[in-house]
Amino acid sequence: CVKDLVSQATVQVLHDAKVDWLELNSRGDLLLFRDRRRYLHIYDIETQTRNQLLSFCTYVPWVPLSDVVVAQNRGNLCVWYNIHAPDQVTLQAIKGDVEDIERADGRTEVIVDEGMAQAVYPLDESLISFGTAMDDRNFAAAMDILSYLQPSAEGDAMWRQLAEVSLKVGDLAIAQRCAAAVGDVA
């Protein structure tokens, strides 16, 4: 059960396996949890929808002060820069086990224990910053961040997310720029 301390509303998430790890994001609207079968799930409290993100998950946290998820699946480092598009995951092959995530001085790095040494895998700080700009409702900053990205499926999902949110709040100039970025001429 998840309880909203402001409205006193309770949301119950039904699941058929025991949960061995769970954590809310910094705003408390997304619940990330892993069950004993090592399946990783995300639950959106507002829409009350659940998505399975990963199987064989051995490590998972939120990147501090963001809605970015980092997980390990066997020999892969999996990063969801846009958790609202769970099918858009960035994969990177690693040799070892993820130990920690460090975020300081405008850099975010994943620390991996490779046996005799530690390896550092940098994350894309501009994609992390996009999520922060969206959380702060700073749509102009989010648009600027996306303008410098190379075209990709992940970038398209972020442009679409920004278009949807800016259209909802009535910022038509930003919504129009987003539609142009993804080729939505209608």
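Residues numbered from 1 in each chain as written. Predicted model: local features only at pLDDT ≥ 70, side-chain atom pairs only at ≥ 80, totals over all residues. Heavy atoms only, no water.

Things to note about the overall build of the protein chain
Looking only at helices and strands, the protein chain has 4 helices and 13 strands in total. At 17 Å, the protein chain has a C-alpha radius of gyration in line with the 16 Å of a compact globule built from 186 residues. Along the first, second and third principal axes, the C-alpha set of the protein chain runs to 50 × 45 × 30 Å. Contacts in the protein chain between residues far apart in sequence, at least 24 positions, make up 32% of those at least 6 positions apart. As presented, the protein chain carries roughly 10,600 Å² of accessible surface, and 50% of it is formed by carbon and sulfur atoms. Placing the 16 positive and 28 negative side-chain charges of the protein chain at their respective mean positions leaves the two points 7 Å apart. (Helix = DSSP H or I, 4+ residues; strand = E, 2+ residues; numbered from the N terminus. Rg over C-alpha atoms; globule rule 2.2 N^0.38 Å. Contact = heavy atoms within 4.5 Å. Areas by Shrake-Rupley, 256 points an atom, 1.4 Å probe, with all protein chains shown as cover. Lys, Arg positive; Asp, Glu negative; His and termini not counted. Charge placed at Lys NZ, Arg CZ, Asp CG, Glu CD.)

Considering the pattern of salt bridges
When the charged atoms of two side chains lie near each other, side chains of opposite charge can form a pair. Applying the stated criterion across every chain, the model contains 9 salt bridges. As a salt-bridge pair, Arg27 and Asp29 come within 3.0 Å of each other at their nearest N and O atoms. The partly exposed category is assigned to Arg27, whose relative accessible area is 39%. Here the salt bridges do not stand alone but share partners, grouping Arg27, Asp29, Asp67 and Asp135 into one network. (Salt bridge = Lys/Arg side-chain N within 4 Å of Asp/Glu carboxyl O. Buried < 20%, exposed > 50% of the residue type's maximum accessible area, 1.4 Å probe, protein only.)

So, the nonpolar core
Val70, Leu77, Tyr81, Val110, Leu123, Phe130 and Leu162 are the most contacted members of the largest nonpolar core, which totals 33 residues. Contributions of two or more residues to this core are made by strand S9 (76–80), strand S11 (97–104), strand S12 (107–113), strand S13 (118–122), helix H1 (125–135), helix H2 (139–147), helix H3 (153–168) and helix H4 (172–181). Ignoring any residue separated from it by four or fewer positions in sequence, one finds Val110 in contact with Val70, Leu77, Val98, Asp100, Ile101, Ala119, Val120, Tyr121 and Leu123. Core analysis: the next-biggest nonpolar cluster, separate from the first, contains 14 residues, Leu32, Leu53, Val60 and Val69 among them. (Core = buried A, V, L, I, M, F, W, Y, C linked by side-chain atoms within 4.5 Å.)

So, the packing of aromatic side chains
One pass over the full model with this rule turns up 0 aromatic pairs. The side chain of Arg74 reaches across the aromatic face of Phe56, ending 3.7 Å from its centre. (Phe/Tyr/Trp six-rings, centres within 6.5 Å; stacked < 30°, edge-to-face > 60°. Lys NZ or Arg CZ within 6 Å of the ring centre and 35° of its normal.)

Some remarks on the sheet that holds strand S10 (residues 90–93)
Reading across from one edge, S7-S8-S9-S10 is the order of the 4 strands in this open sheet, with antiparallel pairing throughout. The strands lining the two open edges of the sheet, one partner per strand, are strand S7 (57–59) and S10. Strand after strand, the sheet turns through a mean of 35° between neighbouring axes, direction not considered. The sheet contact formed by S9 and S10 spans 4 bridges and is antiparallel. From the neighbouring strand, Cys78 faces S10, where its bridge partner is Leu91. (Pairing = 2+ DSSP bridges. Axes fitted to C-alpha atoms, helices over the stretch in contact; angles between N-to-C directions.)

Some words on the pairing of S11
On any regular strand, side chains alternate: one points to one face of the sheet, the next to the other face. Relative to S12, S11 is paired through 7 bridges, and the arrangement is antiparallel. Bridging across to S12, Val98 finds its partner in Val112. In sequence, S11 turns back onto S12 through a hairpin of 2 residues, with Asp105 there showing a positive phi of about 55°.

Comments concerning unusual backbone geometry
One non-glycine residue with positive phi stands out, namely Leu65, at about 60°. Structurally, Leu65 is set in the loop between S7 and strand S8 (69–73). Residue Leu65 is classed as exposed on the basis of its relative accessible area of 71%. With phi around 50°, Arg74 is a residue other than glycine that occupies positive phi space. Relative to the helices and strands, Arg74 is located in the loop between S8 and S9. Under the relative-accessibility criterion, Arg74 is labelled exposed at 55%.

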